[in-house]
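Here is what each chain is made of, one letter per residue.
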Amino acid sequence: MPIRNIFKNSFYYWGFAAYVAYYNNHPLYTPPMFGSMQIYIGLFGFLFNELGNLSIHLALRDLRPAGSKVRKIPLPTSNPFTKLFNFVSCPNYSYEIGSWIFFSIMTQSLPAALFTFAGAYQMIIWALGKHRNYRKEFEKYPRSRRAIIPFFL
């Protein structure tokens, strides 16, 4: 990772963390409109997507044998969260965007939604590039897969 990315990433994450924290801890903050149910749905969706993201990262880690430079097509494993590999090239980004959508629902805050949109925009760019590279590199790459959003993008 280039050194300039450390500053860019730090500014992005710390800046949005401060913005979300300020907004959600402000004395004039209004709790979610639908009360506890909205909070629990948001929390469950966030945790579900984070577990999916972890599962994808573990599957990607195990894709290449230790010490090898062999690259393989990512495929689903026995973990049900990895079934998303049947539909998209970058399910880790799909799950991460899902996490932040549910976080935004849980907190019902504009700063969280802005963080979600900014992150989704960047992850879509990365996913499109990675998808393009997979299609070039692997002759037998599944043509039905999309980059990040099943059946759409």
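Located above this text is the structure these notes cover.
Residues numbered from 1 in each chain as written. Predicted model: local features only at pLDDT ≥ 70, side-chain atom pairs only at ≥ 80, totals over all residues. Heavy atoms only, no water.

A.B. asks: What exactly am I supposed to notice about the overall build of the protein here?
C.D. replies: For the protein, the count of helices and strands is four helices and zero strands. Taken along the three principal axes of its C-alpha coordinates, the protein extends 55 × 35 × 30 Å. Surface accessibility of the protein: about 10,200 Å² in total, with carbon and sulfur atoms responsible for 69%. When the 16 positive and 5 negative side-chain charges of the protein are each reduced to one mean point, those points stand 6 Å apart. (Helix = DSSP H or I, 4+ residues; strand = E, 2+ residues; numbered from the N terminus. Areas by Shrake-Rupley, 256 points an atom, 1.4 Å probe, with all protein chains shown as cover. Lys, Arg positive; Asp, Glu negative; His and termini not counted. Charge placed at Lys NZ, Arg CZ, Asp CG, Glu CD.)

A.B. asks: Mind showing me how you'd approach the packing of aromatic side chains here?
C.D. replies: What describes a pair of aromatic rings is the distance from one ring centre to the other and the angle between the planes of the rings. With the rule as written, the count across this model stands at 17 aromatic pairs. Aromatic pair phenylalanine 16 and phenylalanine 115: ring centres 5.4 Å apart, planes at 70 degrees, arrangement edge-to-face. Separated by 99 residues along the polypeptide, phenylalanine 16 in helix H1 (residues 3-25) and phenylalanine 115 in helix H4 (residues 110-137) bring together distant segments of the chain. When sorted by exposure, phenylalanine 16 lands in the same class as phenylalanine 115, which is buried. With centroids separated by 5.3 Å and ring planes inclined at 80 degrees, the aromatic side chains of tryptophan 100 and phenylalanine 103 adopt a geometry described as edge-to-face. With tryptophan 100 and phenylalanine 103 both in helix H3 (residues 91-107) and three residues apart, the pair spans about one turn of that helix. (Phe/Tyr/Trp six-rings, centres within 6.5 Å; stacked < 30°, edge-to-face > 60°. Buried < 20%, exposed > 50% of the residue type's maximum accessible area, 1.4 Å probe, protein only.)

A.B. asks: It is not clear to me how the nonpolar core should be interpreted in this structure. Could you clarify?
C.D. replies: Core analysis: the biggest nonpolar cluster contains eight residues, these being Cys90, Tyr93, Ile97, Ala120, Met123, Ala127, Ala147 and Ile148. Those elements that place two or more of their residues in this core are H3 and H4. Counting residues in hydrophobic clusters, the runner-up holds seven residues, among them Ala59, Phe81, Leu84 and Val88. (Core = buried A, V, L, I, M, F, W, Y, C linked by side-chain atoms within 4.5 Å.)

A.B. asks: Would you explain the pattern of salt bridges in this entry?
C.D. replies: Taken as a whole and assessed by the stated rule, the structure comprises two salt bridges. Among the ionic pairs, arginine 61 bridges to aspartate 62, the shortest N-O distance being 2.9 Å. Comparing arginine 61 with aspartate 62, the two get one shared label, exposed. (Salt bridge = Lys/Arg side-chain N within 4 Å of Asp/Glu carboxyl O.)

A.B. asks: Is there a simple way to explain the environment of asparagine 92 in this structure?
C.D. replies: Position of asparagine 92 relative to the elements: it lies in helix H3. On the basis of relative accessibility, which here comes to 7%, the residue asparagine 92 falls in the buried class. A sequence separation of 72 residues divides asparagine 92 from valine 20, and the C-alpha atoms of the two residues are 23 Å apart. Apart from the residues within four sequence positions on either side, asparagine 92 is in contact with Asn53, Ile56, His57 and Leu60. (Contact = heavy atoms within 4.5 Å.)

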